[in-house]
Structure formats: structure tokens, C-alpha cells
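Geometric and topological summary
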Amino acid sequence: QRHLISAADLTRDDAVQILDTAEEMARVADRPIKKLPTLRGRTVVNLFFEDSTRTRISFEAAEKRLSADVINFSAKGSSVSKGESLKDTAQTLEAMGVDAVVIRHGASGAPYRLANSGWIDAAVINAGDGTHQHPTQALLDAFTMRRRLVGRDAGIGQDLAGKRITIVGDVLHSRVARSNVDLLHTLGAEVTLVAPPTLVPVGVETWPCEVSYDLDSALSKTDAVMMLRVQRERMNAAFFPTEREYSRRYGLDGERMARMPEHAIVMHPGPMVRGMEITAEVADSERCTAIEQVANGVSIRMAVLYLLLGGNEPAVTPTRTEEK
Ligand code: CP
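Reading the values: the criteria
Residues numbered from 1 in each chain as written. Predicted model: local features only at pLDDT ≥ 70, side-chain atom pairs only at ≥ 80, totals over all residues. UniProt positions renumbered as here; feature names shortened; annotations may be inferred. Domains from an automatic or database assignment. Contact = placed C-beta atoms within 7 Å. Helix = DSSP H or I, 4+ residues; strand = E, 2+ residues; numbered from the N terminus. Pairing = 2+ DSSP bridges. Axes fitted to C-alpha atoms, helices over the stretch in contact; angles between N-to-C directions. Core = buried A, V, L, I, M, F, W, Y, C linked by C-beta atoms within 7 Å. Buried ≥ 20, exposed ≤ 12 C-beta atoms within 10 Å, placed from the backbone.

Labelled according to an unreviewed UniProt entry, the chain appears under the name Aspartate carbamoyltransferase, originating from Streptomyces curacoi. Per UniProt, the chain has the following entry under Subunit (unreviewed entry): "Heterododecamer (2C3:3R2) of six catalytic PyrB chains organized as two trimers (C3), and six regulatory PyrI chains organized as three dimers (R2)."

This is the structure we're talking about:
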């Protein structure tokens, strides 16, 4: 594939190849020098029209670890405020010699448009578009689940067949939930969504997952629970759920977590709103993988960039110690 726009575009073999390549990339992070020459001479632009902490910094770290030249573009402070279109912005950047564009945009479908309009020749990677997709988030989540629930070495070549995953919260506005449902289904997992009725998307019955309104019953048989932030910035203020009522019914606190199976993990894509969907006790517990997910994101993004731009170069050259 030339682009990564949606988790739904990945076959099981594509996804497992990315997860396996990310395991190779993670080995680089364990070395004293965390850099590979793979993308030397290639230029990647990070085109962010929406705020981001994890995704933007993680892509930049991944690009630099692969020795790419990196250009960071933020819509704030750019000529977008003067009315410049996505097409003109993208063509302006490509004129400076760009091989790949990592794009985050508030409009669902913007990365697809960029990849399929013929405006630019560069590879396009979706870093989150509106309420639509966030494929590298789903991949790093799957990577974290495979490591924790199958094993780092045992997981190589494996998918998540039979694993039970519960996704809780504001599914309506969540590109993370959509991407995860698509990818987890492709990888053989069984997904249950738990959300207040007002935050369940229309048409969810066509998604490859179950929907439940009973969090405690779903948690009692889950292997991983993924808590979602309530995205107030995408809601009319009249529809804000009250914090107390929301956290009572859909939040994860220590008491609820204690009723989960012992091996089950707690995930969060970040940013977390402590006290709303997750208590500080749970966020800071050993069962919560939020920080591990961030670290894994760098390996996943290195793998995606390598597979889209790296050609036939070996992903990771073994060090002398590893060869022995
Ligand atoms: N998970 C995630 O996409 O976080 P950021 O919005 O900080 O990039």
C-alpha cells in the first residue's frame, strides 16, 4: 500500500506484518544508539491542523530514529488562518520536496482526499481525522494488547484471536473506537462497546462488535478495557453529561477494576481526564498501560514509515551482540 488512511484497509496479514516489524523497531530503542539509517535522504512533513501531544511527538521521534528529514507544520500560526486551503497548503509543502505527509485534521475524510485527489504524490499517513479514523493508534493499541496478553516473543506472527476487549465511553465522537473496532475484528478479537445511549453512533449495529449498556457485566469477562475521553470539544454544551453521573455509570475506579479478571489490563489512548472516565488510582496503577502505549507508539510509527517508504532495505540490521 502507498498510504495508511484507515484501519479498515488493513488485512490480517498487513496488520500482523506491521506489529512484527514494530517488535523489530522496539529492539532499536533498547540499543545505546537509538537510530537507523533507513530513511536517510527522505523528507516527512507532520501536518497538524488539530492539537496533539502524543501522536505528533511520537511521529517526530519515529521519523528521527529512522534518520528522515522532518518538517513540522502546525495550522496555528500558518497561512491557514489567512484562508489557504488544504490543497494549496499540501502542494506548497510538496514543492519543497516531501516524500510523506502525516496529517491530523478536524474534518473526517481529509487524509483520504489528500491521498486520492491527485494533488500530491507523497505517501499519506492519517494521524487522526475528525471522528473517523486513527489507524496508528489502533495499531499501537493492538501491539500493546499482543505484548501483554500473548507475549512479546510468543506474539510474533500472531493475532488477537479470541481476546475479549471492552471499549467504554464516548464512542460517538471517537476515531480511536472506530479504528480499534475495525482492526481488532480483523485480528480476531471480540469487541464490546459500552457507552451511554446518547454517545452511541447511529448505525453501530452494522459494526463488527457487540453493544452493551452494562459496564460491570462486560468488565467481568474482559481481557482488556479501553477507556475513552468524553470529547466535549466536539459536543454542543447542552449535551455534556454531568461528571458525577457519568463517572458513576461509565467511569473506571479502583472498586470496578478489582472486579476485572486478574490478568486484564486497563488502556487509555490519552489524553486522560482524571476523575471523569478514569480515577487517578486506576490511571496510576500497574494495570494501566497508558504510558506503555505511548512508548509502543514510536515503534509502530517507525514500522509504518519503514513499510511505506523504506523499500527493500532490511528493517533492522542486527548489532554484533545480536548476531552472536
Ligand atoms: N492518543 C492521541 O491521539 O493523543 P494526542 O491527541 O495527544 O495525539
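Examined at the domain level, the chain breaks down into domain 1 (7-134 + 294-323) and domain 2 (135-289). On a C-alpha basis, the centres of domain 1 and domain 2 stand 25 Å from each other. Across the boundary between the two partners, domain 1 contributes 28 residues, which contact 26 residues of domain 2. When contributions to the side of domain 1 that touches domain 2 are tallied by element, the ones reaching two or more residues are α1 (12-29), β4 (123-129) and α11 (290-309). It is α1 that contributes the most residues to the side of domain 1 that touches domain 2, 8 residues altogether.

Okay, the sheet that holds strand β5 (residues 164-168) next. Within a beta sheet, neighbouring strands are joined by backbone hydrogen bonds and run either parallel or antiparallel to one another. If you walk across this open sheet you meet the 5 strands as β7-β6-β5-β8-β9, and the pairing is parallel. The open sheet has two free edges, formed respectively by β7 (210-212) and β9 (265-267), since each of these has just one partner strand. Taking each pair of neighbouring strands and ignoring which way they run, the sheet shows an average axis angle of 25 degrees. Packing of helix α6 (residues 175-186) onto the sheet brings it into contact with β5, β6 (190-194) and β8 (224-227), and relative to β6 it is tilted by some 160 degrees.

Across soluble globular proteins, nonpolar side chains have a tendency to be buried as a group. Counting 91 residues, the largest nonpolar core has A100, V101, A142, V225 and L305 as the members making the most contacts within it. Here this core gets 9 residues from one element, more than from any other, and that element is α11. Two domains share this core, each providing at least three of its residues, namely domain 1 (7-134 + 294-323) and domain 2 (135-289). Beyond its immediate chain neighbours, meaning those up to four positions away, A100 contacts V44, A122, A123, I125, L305, L308 and L309.

What follows covers the UniProt feature "binding site: carbamoyl phosphate" (unreviewed entry) in the chain. Feature annotation in UniProt places "binding site: carbamoyl phosphate" (unreviewed entry) on R54, T55, R104, H134, Q137, G270 and P271, given in this structure's numbering. C-beta crowding within 10 Å serves as the criterion here: with 17 such atoms nearby, R54 is assigned to the partly exposed category. Relative to the helices and strands, T55 is located in helix α2 (residues 54-65). Accessibility expressed as a C-beta count within 10 Å gives 25 for T55, which makes it buried. Contact partners of T55, with chain neighbours within four places excluded, come to R104, A127 and G128.

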